[in-house]
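# Residue-level structural notes
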Amino acid sequence: MAQLFFRYGAMNSGKTIEILKVAHNYEEQGKGVLIFTSAVDTRDEVGYVSSRIGLRREAIPIYEETDVFEIVKNQDKEIYCVLLDESQFLHKHHIYSLAKIVDELDIPVIAFGLKNDFRNEMFEGTKHLLLLSDKIEEMKTICWFCKKKASMNLRLVDNQPTYTGEQIQIGGNESYYPVCRKHYFNPPSLEEGI
């Protein structure tokens, strides 16, 4: 029986690497997968999932008007798994389409994304994944400043922490650090180093 999985973690927790690994495992056995990503993510190029260690792969971009269910339903090959990167950027209707893929097409869906933004608030996609997912799993990484588990994302502007601004600002290590709760609220001076 297919299920909807949500695997979340702070920045740098290996979400994209996991997508590429899962896709490889299915395809090595001759089983088709579809990889989607939010068109909002333009760090590398729209329509690609890219890891920080340099691995990348083409993916189907999801725009606001994209009907994910119809794309999966109309494939001319059998699909064994649907994988999504940057799922926090999706809209409510996309998440309901993912649930429909699981329930009506009996295809497992694994969505990867952030739980909370730099203001420590939920994204729209995350909220609905938490509501609809059959299984929710945390992917762990360590705080940029200590050895504790990172559970938050610290945004930097001109190398200074910020807690206000637009929810979505695409960036990597130049803009965000994965941090524990303590260092989210009290980050060390970034000029002093770690």
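Scroll up to find the structure.
Residues numbered from 1 in each chain as written. Predicted model: local features only at pLDDT ≥ 70, side-chain atom pairs only at ≥ 80, totals over all residues. Heavy atoms only, no water.

This part is about the overall build of the protein chain. Scanning the protein chain from N- to C-terminus turns up five helices and eleven strands. The C-alpha radius of gyration computed for the protein chain amounts to 17 Å, which stays within 12% of the reference 16 Å derived for 194 residues, consistent with globular compactness. Seen through its C-alpha atoms, the protein chain measures out along the principal axes to roughly 55 × 30 × 30 Å. In the protein chain, buried positions account for 47% of the 194 residues. The contacts of the protein chain with a sequence gap of at least 6 include a subset with a gap of at least 24, amounting to 76%. (Helix = DSSP H or I, 4+ residues; strand = E, 2+ residues; numbered from the N terminus. Rg over C-alpha atoms; globule rule 2.2 N^0.38 Å. Buried < 20%, exposed > 50% of the residue type's maximum accessible area, 1.4 Å probe, protein only. Contact = heavy atoms within 4.5 Å.)

Counting 23 residues, the largest nonpolar core has Phe36, Val72, Val82, Leu84, Leu98, Ile101 and Val109 as its most contacted members. Elements with a minimum of two residues in this core: β1 (4-8), β2 (32-38), α2 (68-73), β6 (79-85), α3 (92-105) and β7 (109-113). Contacts of Phe36, omitting those with residues within four sequence positions, involve Val49, Ala59, Ile60, Ile62, Val68, Ile71, Val72, Val82, Leu83, Leu84 and Asp85. (Core = buried A, V, L, I, M, F, W, Y, C linked by side-chain atoms within 4.5 Å.)

An ideal rise of 1.5 Å per residue puts 20 Å on 14 residues; helix α1 (residues 15-28) measures up with 20 Å between its terminal C-alpha atoms. All of the buried residues in α1 are Lys15, Thr16, Glu18, Ile19, Leu20, Val22 and Ala23. Against β1, β2, β3 (48-50), β4 (56-58), β6 and β7 lie the buried residues of α1. At the exit of α1 stands Gly30, carrying a positive phi of roughly 75°. (Expected span 1.5 Å × (residues − 1).)

Our focus in this paragraph is the packing of α3 against helix α4 (residues 124-132). Their axes nearest at 8 Å, the elements α3 and α4 cross at an angle of 30°. With respect to each other, α3 and α4 are oriented roughly parallel. For α3 against α4, the interelement crossing comes out right-handed. The residues of α4 that touch α3, namely those facing Lys92, Ile95, Tyr96, Leu98 and Ala99, are Glu124, Gly125, His128, Leu129 and Leu132. Split by residue class, the contact of α3 with α4 holds six nonpolar, two polar and two charged. (Axes fitted to C-alpha atoms, helices over the stretch in contact; angles between N-to-C directions. Parallel < 35°, antiparallel > 145°, perpendicular 65-115°, else oblique. Left-handed = near helix turned anticlockwise from the far one by under 90°. Nonpolar A, V, L, I, M, F, W, Y, C, P; charged D, E, K, R; others polar.)

For strand β9 (residues 152-157), a buried count of five out of six residues is recorded, marking the element as mostly surrounded by other parts of the structure. In terms of strand pairing, β9 meets strand β11 (residues 176-179) through four bridges, oriented antiparallel. Paired with Asn153 across the two strands is Pro178, which belongs to β11. With three bridges joining them, β9 and strand β10 (residues 160-162) adopt antiparallel strand pairing. Each residue of the ladder has a partner; that of Arg155, found in β10, is Thr162. The antiparallel pairing of β9 with β10 creates a hairpin that spans two residues between the two strands, and Asp158 there sits at a positive phi of about 55°. (Pairing = 2+ DSSP bridges.)

Evaluated as defined, the whole model comprises seven salt bridges. Put simply, Arg7 and Glu18 hold a salt bridge, and the shortest N to O gap is 3.7 Å. Of this pair, Arg7 sits in strand β1 while Glu18 sits in helix α1, and the two are eleven residues apart along the sequence. There is no split in this pair, since Arg7 and Glu18 are both buried. Ionic pairing is found between Glu18 and Lys21, a salt bridge with its closest N-O pair at 3.3 Å. Of the two residues, Glu18 and Lys21 are both situated in helix α1; the distance of three residues between them amounts to about one turn of the helix. (Salt bridge = Lys/Arg side-chain N within 4 Å of Asp/Glu carboxyl O.)

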